[in-house]
Amino acid sequence: MDEDDGTLEGLEEQALSELGVLERQDLQEWTIEQPRILGEDLLVVTSEYANFQDTRDRLDILALDPTGKLVVIELKRDRADRTTDLQAIKYASYCATLTAEDIQKDYREFWNERDDKELTPEDIGQTFVDFLDGVEGETPVTSEGWAEFELDQKPRILLAAGSFGTEITAPVMWLIEEYGMDITCTKIEAYEHQGRVLLNSQQVIPVAEAEEYMTKRREKQEKQEEKTRRPAAINVLLDSGVLRPDERVYFAPERVPAEADREYSKDDDFWWATVTGDTGQSDNVRWEHDGEVYSFTGLAKEALNELVGRDYSKALNGYKYWCHPDFGGRTLDDLRNSDITEDDRESETPEPEASVEN
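Residues numbered from 1 in each chain as written. Predicted model: local features only at pLDDT ≥ 70, side-chain atom pairs only at ≥ 80, totals over all residues. Heavy atoms only, no water.

Could you give an account of the environment of Ala160, naming the residues involved and the relevant values?
Looking at where Ala160 falls in the secondary structure, it is placed in strand β4 (residues 156-163). With 87 residues separating them in the primary sequence, Ala160 and Ile73 have C-alpha atoms 7.4 Å apart. (Helix = DSSP H or I, 4+ residues; strand = E, 2+ residues; numbered from the N terminus.)

Set out below in structure tokens:
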């Protein structure tokens, strides 16, 4: 709009090729740095991905969405060619075997090389924890530092191009409606204004009216598949007999912040909690300090907040903060990821020793 006379100035859409924009050097690079170009929040894992067995194919961009789904992204500067959808389906089939740890290692390799960094597994794990929206609860972290989450075996496909013809839209709609495939076609519109290239993304498939319906279908399928996913840590510990209802666990002495002004003592209820055994609830441990029931993660956050004012919103794996006295003081996270059973209980249990975290 002209600020002097209030008139509107129309901008004519142009092809990216007409504006001198290159597919790989420009559009792909812009997407890596600003994935919002595609109209949604994405965490770019890698680009020009070629870690596929027995093939030299290269995927334009591999990303993760906030729900923990892999997103296979194929970019076309102008009109999508007739094999774009087949390419993406092929890449999605390759990526279906990747694990959460695999993609974090790929992320580390890509961004260390791209930005000349030395990102550690802990750095990467925290990045993924912060990005994931926690639809299945807070994302825990493994002992190596990687974020521990269930990666869906059906990657999404996102096709982004200047335009789409029937040779793409027809088979994509058929795959969505008949087989429930998660495919998005996003049109990249380009304009030039005062020597600057302006981009706008518009989702053209699925159309807005059908999006809610398709989402509900996918949610139904995902719920049906949940039974095959990794069970929650509390269920594993209770089912194996490593944890029993009414058993006591204690806060890991080495996790006590150095600046805490509360002395660690085995006689202080602040450091002890009792397992309720309620597997059907997210809150399943009672803090002896206040008698309230929490999840293990929620309780660790509550204790740390009271000790040093730690921000509740900061992520952590609560099972690393609580120890079982009948298993040599090992953390619940360690026990959950081991082959230990209730038969391995010790006859004499060690007392927690005071220690503080530096």
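After presenting the structure, the write-up continues.
So what's going on with the pairing of strand β1 (residues 43-49)? Residues and values would help.
Burial within β1 is extensive, with seven of its seven residues counted as buried. The pairing of β1 with strand β2 (residues 59-64) spans five bridges and is classified as antiparallel. Bridge pairing in β2 links Leu43 to Leu64. (Buried < 20%, exposed > 50% of the residue type's maximum accessible area, 1.4 Å probe, protein only. Pairing = 2+ DSSP bridges.)

Break down the sheet that holds strand β12 (residues 330-331) for me, citing the residues and quoting the values.
Each strand in a sheet pairs with another by means of backbone hydrogen bonds, the pair being arranged parallel or else antiparallel. Spatially, the six strands line up as an open sheet ordered β10-β9-β8-β7-β11-β12, and their pairing is antiparallel. Edge strands, defined here as strands with exactly one partner in the open sheet, are β10 (293-294) and β12. Relative to β12, strand β11 (residues 322-324) is paired through two bridges, and the arrangement is antiparallel. Within β12, the position partnered with Cys323 by the bridge is Thr331. Here helix α8 (residues 296-308) sits on the sheet and contacts β7 (248-251), β8 (272-275), β9 (285-287), β10 and β11; the angle it forms with β9, its principal contact strand, is near 15°. (Contact = heavy atoms within 4.5 Å. Axes fitted to C-alpha atoms, helices over the stretch in contact; angles between N-to-C directions.)

Could you give me a rundown of the pattern of salt bridges, with the residues and numbers involved?
Working definition: two side chains of opposite charge can pair if their charged atoms are close together. Taken as a whole, this structure holds 21 salt bridges when the rule is applied. In this structure, Arg156 engages Asp65 in a salt bridge whose closest nitrogen and oxygen atoms are separated by 3.1 Å. Here the residue Arg156 occupies a position in strand β4, and Asp65 occupies one in the loop between β2 and β3 (70-79), the gap between them amounting to 91 residues. One exposure class covers both Arg156 and Asp65, and it is buried. (Salt bridge = Lys/Arg side-chain N within 4 Å of Asp/Glu carboxyl O.)

Please set out the layout of surface pockets residue by residue, giving values where relevant.
In this structure, the second largest pocket occupies an estimated 400 Å³ of space. Lining of the second largest pocket is provided by 22 residues; of these, Arg255, Arg310, Ala315, Leu316 and Tyr321 occupy positions nearest its centre. Those elements giving two or more residues to the lining of the second largest pocket turn out to be α4 (121-131) and α8. In terms of residue count, the dominant contributor to the lining of the second largest pocket is α4 (four residues). (1 Å grid on protein atoms, 1.4 Å probe; cavity = no way out; pocket = protein on both sides within 12 Å on 5 of 7 lines; lining within 4 Å. Points joined across faces, edges and corners; volume = space filled by probe spheres on them.)

Quick one: what's the story with helix α2 (residues 84-95), residue by residue and with numbers?
Here α2 spans 17 Å end to end across 12 residues, near enough to the 16 Å set by a 1.5 Å rise per residue. Summarising the contacts, the buried residues of α2 are in contact with β2, β3, β4 and α5 (166-179). (Expected span 1.5 Å × (residues − 1).)

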